[in-house]
Amino acid sequence: MTPTCYTIIDTPIGKLLLVSRDEKLTRIEFHGGEETLASARDWLPERAPFAEAVRQFKLYFSGKLRAFKLPLAPEGTPFQCATWDALLTIPYGETRSYSQIASAIGRPRAVRAVGAANGRNPLSIVVPCHRVIGSNGDLTGFGGGLEVKRRLLELEGSLTQGLGFRG
C-alpha cells in the first residue's frame, strides 16, 4: 500500500494541509495546528507529490486559474460523493444554494443532507463548497470560517462589494 503523504502550504487565506495517497489528493484542510497531524502518525511529510497542486493553488490565488485539474480521491458515502460531484459543476464566479444542489442531484427535499455533505467536503476549495450559499443569499457555514468564504467569493468575482451574489 502506498503511504499517505502530506504537506502544509501557505496561501493568502492561511495555511492549507494537503494530503494524498496513490498520487491523488484525498484531503485539503485549513490547518490551524498540529492536532490533525497528531492523529495521523503514519503520514509522511513530503513536498514533491504536491508540486502540481501547489502550482495550481498559486495560479488560483493570483486569479489566473478558474478550475483545478488535479487527481482527486475523496472518501465518502454515495450521497456525499454525488453532492461533491455537483459542487464541481458550479462555475467559477457563480454560486448555488443548497436547494439548487439538492435538486441537481435528484433529491430536492434533501437540502439539510446536502448541507451536511457540503460541510464534510474533504477537498475544500478544489471541490468548491465555498460557492454554496443560503437560498436568501446569505453566507453560511464554511470550514475555513465565513471571512475566508467571503474572500474566496470576492476573489472569484461572485461577491461584489457586499451587494449580493451572481449565480
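Bear in mind the structure is a predicted one, so any value in this text is a computation, not a measurement. The written sequence of each chain sets the order in which its residues are numbered from 1. Reporting of local features is limited, given that this is a predicted model, to residues whose pLDDT is at least 70; pairs of side-chain atoms are given and counted only at 80 or more, and all residues count toward the totals for whole chains, interfaces and linings. The basis for every side-chain value is the complete set of non-hydrogen atoms in the structure, without hydrogens or water.

Asker: What exactly am I supposed to notice about the pattern of salt bridges here?
Answerer: When charged atoms on two side chains of opposite charge get close, those side chains can pair. Any Lys or Arg side-chain nitrogen found within 4 Å of a carboxyl oxygen on Asp or Glu counts as a salt bridge. Inspection of every chain in the model, using the stated rule, returns six salt bridges. The salt bridge involving arginine 21 is made with glutamate 75; its shortest N-O contact spans 2.3 Å. Residue arginine 21 is located in strand E2 (residues 14-21), and its partner glutamate 75 is located in the loop between helix H2 (51-61) and helix H3 (78-87); the two are separated by 54 residues in the primary sequence. Under the scheme applied here, a residue whose accessible area is under 20% of the maximum for its type counts as buried, over 50% as exposed, and between as partly exposed, the area being computed with a 1.4 Å probe on protein chains only. For arginine 21, a relative accessible area of 24% corresponds to the partly exposed category. Residue classification places glutamate 75 among the exposed positions, given a relative accessible area of 56%. Glutamate 156 serves as the salt-bridge partner of arginine 131, at 2.7 Å between the closest nitrogen and oxygen. Of this pair, arginine 131 sits in the loop between helix H5 (111-119) and strand E6 (132-133) while glutamate 156 sits in helix H6 (residues 146-156), and the two are 25 residues apart along the sequence. No difference in accessibility class separates arginine 131 from glutamate 156, as the two residues are buried. Going along the chain from the N terminus, every DSSP run of H or I of four or more residues is numbered as a helix, and every run of E of two or more is numbered as a strand.

Asker: Explanation requested: the environment of serine 135 in the structure shown.
Answerer: Among the secondary structure elements, serine 135 is positioned in the loop between E6 and H6. For serine 135, a relative accessible area of 65% gives the class exposed. Distance in space between the C-alpha atoms of serine 135 and serine 99 is 7.0 Å, their sequence separation being 36 residues. Aside from chain neighbours lying at most four places away, what touches serine 135 is Ser97 and Ser99. We call two residues in contact when some of their heavy atoms are within 4.5 Å.

Asker: Is there a simple way to think about H6 in this case?
Answerer: Each full turn of the α-helix corresponds to 3.6 residues, which orients residues three or four apart in the same direction. Here H6 has its buried residues at Val148, Lys149, Leu152, Leu153 and Glu156. Considered in projection along H6, the buried side chains sweep an arc of 135 degrees and stay on one side of the axis. Against strand E3 (24-30), H2, helix H4 (98-104) and E6 lie the buried residues of H6. What the arc describes is the spread of directions from the helix axis to the C-beta atoms.

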